[in-house]
Amino acid sequence: MPDTQHVTVEVEGRRLKLSSLDKIMFPGTETTKGEVLNYYAQVAPVLFPVIEERPLTRIRWPHGVSDIMFFEKNMPSGAPSWLDRVTIEGHGSRGGGEVTYPLVSDLASLTYLINLNSIELHVPQWRVADGEPVNPDRLVIDLDPGSPAGLHECAKVAIDVRDRLATEGYSAVPVTSGSKGMQLYAALDGTRTSDDVREWAKGIAQELTKEQPGSVVWKMTKSLRPGKVLLDWSQNVAAKTTIAPYSVRGKERPTVAAPRTWDEIEEGAEDRDALRQLDIDDVLERLNEHGDLFADQLNA
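Values in this document were obtained by computation on a predicted structure and should not be read as measured data.

(A) Inspection of the side chain of S118 at higher detail. Mapped onto the secondary structure, S118 falls in strand β9 (residues 118–123). Judged by its relative accessible area of 1%, S118 is buried. One polar contact links the side chain of S118 to the main-chain carbonyl oxygen of L113, over a distance of 2.8 Å. Sequence-distant contacts of S118, that is, excluding residues within four places in its chain, are made with Y40, R58, I59, R60 and L113.

(B) Structural context of the packing of aromatic side chains. Considering all chains together, one arrives at three aromatic pairs under this definition. Ring geometry for Y170 versus W200: centroids 5.0 Å apart, planes at 55 degrees, classification tilted. One end of the pair, Y170, is in the loop between α3 (151–166) and β13 (173–176); the other, W200, is in helix α4 (residues 194–211), with 30 residues separating them in the sequence. For W200, a relative accessible area of 10% corresponds to the buried category. It is R162 that lies over the ring of W262; its NZ or CZ is 4.8 Å from the centre. For the cation-ring pair, R192 lies above W200, with the distance from its terminal atom to the ring centre recorded as 3.9 Å.

(C) Just the sheet that holds strand β17 (residues 242–243), in detail. The four strands are arranged β6-β5-β9-β17 in an open sheet whose pairing can be described as antiparallel. Single-partner strands in this sheet number two, and they are β6 (70–72) and β17.

(D) A look at the sheet that holds strand β15 (residues 216–217). Taken together, the six strands give an open sheet; going across it, the order is β15-β16-β12-β14-β13-β18, and neighbouring strands pair in mixed fashion. Strands with a single pairing partner mark the edges of an open sheet, and in this sheet they are β15 and β18 (258–259). Pairing of β15 with strand β16 (residues 229–232), which is carried by two bridges, proceeds in the parallel orientation. Across the sheet, residue V216 finds its bridge partner in β16, namely V229. Running over the sheet, α4 touches β12 (138–145), β15 and β16 and is turned about 40 degrees from β12.

(E) Summary view of the pairing of β16. Residues V229 and L231 line one face of β16 and the alternating positions L230 and D232 line the opposite face, and both faces are buried. As paired elements, β12 and β16 share four bridges and run antiparallel to each other. Bridged to L143 within β16 is L231.

(F) Molecular detail of the nonpolar core. The biggest cluster of nonpolar side chains holds 50 residues, and the ones touching the most others in it are Y39, Y40, I51, L110 and Y246. Among the elements that line this core, the one with the most residues is helix α1 (residues 33–51), at 11 residues. Inspection of this core shows a minimum of three residues originating in each of domain 1 (6–132) and domain 2 (135–299). Leaving out residues up to four positions away in the same chain, L110 has contacts with Y40, A44, L47, F48, V104 and L121. Listed in part, the 31 residues of the second largest apolar core include L151, M182, V197 and L231.

(G) Geometry of empty space enclosed by the protein. Applying the stated criterion across every chain, the model contains one cavity of 30 Å³ or more. Around the largest cavity sit Y246, A258, P259, V283, R286, L287, H290, G291 and L293, which together line it. Of all the elements in the fold, those that place two or more residues in the lining of the largest cavity are β18 and α6 (280–290). Here the lining of the largest cavity gets four residues from one element, more than from any other, and that element is α6. Counted by class, the lining of the largest cavity contains six nonpolar, two polar and one charged residues.

So, how was this worked out
Residues numbered from 1 in each chain as written. Predicted model: local features only at pLDDT ≥ 70, side-chain atom pairs only at ≥ 80, totals over all residues. Heavy atoms only, no water. Helix = DSSP H or I, 4+ residues; strand = E, 2+ residues; numbered from the N terminus. Buried < 20%, exposed > 50% of the residue type's maximum accessible area, 1.4 Å probe, protein only. Polar contact = N/O pair within 3.5 Å; in protein donor to acceptor, adjacent residues only side chain to side chain. Contact = heavy atoms within 4.5 Å. Phe/Tyr/Trp six-rings, centres within 6.5 Å; stacked < 30°, edge-to-face > 60°. Lys NZ or Arg CZ within 6 Å of the ring centre and 35° of its normal. Pairing = 2+ DSSP bridges. Axes fitted to C-alpha atoms, helices over the stretch in contact; angles between N-to-C directions. Core = buried A, V, L, I, M, F, W, Y, C linked by side-chain atoms within 4.5 Å. Domains from an automatic or database assignment. 1 Å grid on protein atoms, 1.4 Å probe; cavity = no way out; pocket = protein on both sides within 12 Å on 5 of 7 lines; lining within 4 Å. Points joined across faces, edges and corners; volume = space filled by probe spheres on them. Nonpolar A, V, L, I, M, F, W, Y, C, P; charged D, E, K, R; others polar.

Encoded structure:
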């Protein structure tokens, strides 16, 4: 029998109707939609600095992660007028036209979108100001392992990328992706364009590939990637997005793009079994214990 549960709640002065709170979104762990909403409500204070003023792309699983999914960039049909938004030219189909994205910086807006089964949240590395994109304020390098490589190999490469960035005066923040690999972020001052940042990241990837051809690759070619870590520099392209730190992933279990400490990464580089992807319970526990590892390290 279909679940018809509906609850009307007030969130920051907005009345929202939440539906199907006991719907199983992650069959492997029996995690419900209500639990996903609860997770996002608890991480909202540390999530908002990551996503606010950035056009938000969502991946929605209407019937849970074992069923169909779809990307959604545009404002969802029927979105309330109070949900903030921005229209960006050149982001339509095949790079043309325009897309009107939601902008999320308050709990009511976040709750509205998560209630639509938006499990994953993706953002670019740039913000909007006065309705227009500005230069990126973050660098991201995605470390994507080709089987049989995994987090252990990513951790080794992450340390090398960290040290390479440090030579230019940048501190890197590690985030295990909640999927296979991890991302490294560095704060920028906004003086470089997305194209500049892309070429910078590409250069780092090419240098490390030249130094470690047996373990690192910078090209996307699938045949080159088995057993190596791809340094994906392309996510700095202005039109691309990356999973937001603290976002849930639509995987078998409710894993999270989770900020980590460098002590953890170094341990993972030494011990193959020391590092694993974290789930929503892990991340909430770590927030209580360690606070916001992403902002604390990014702004250090």
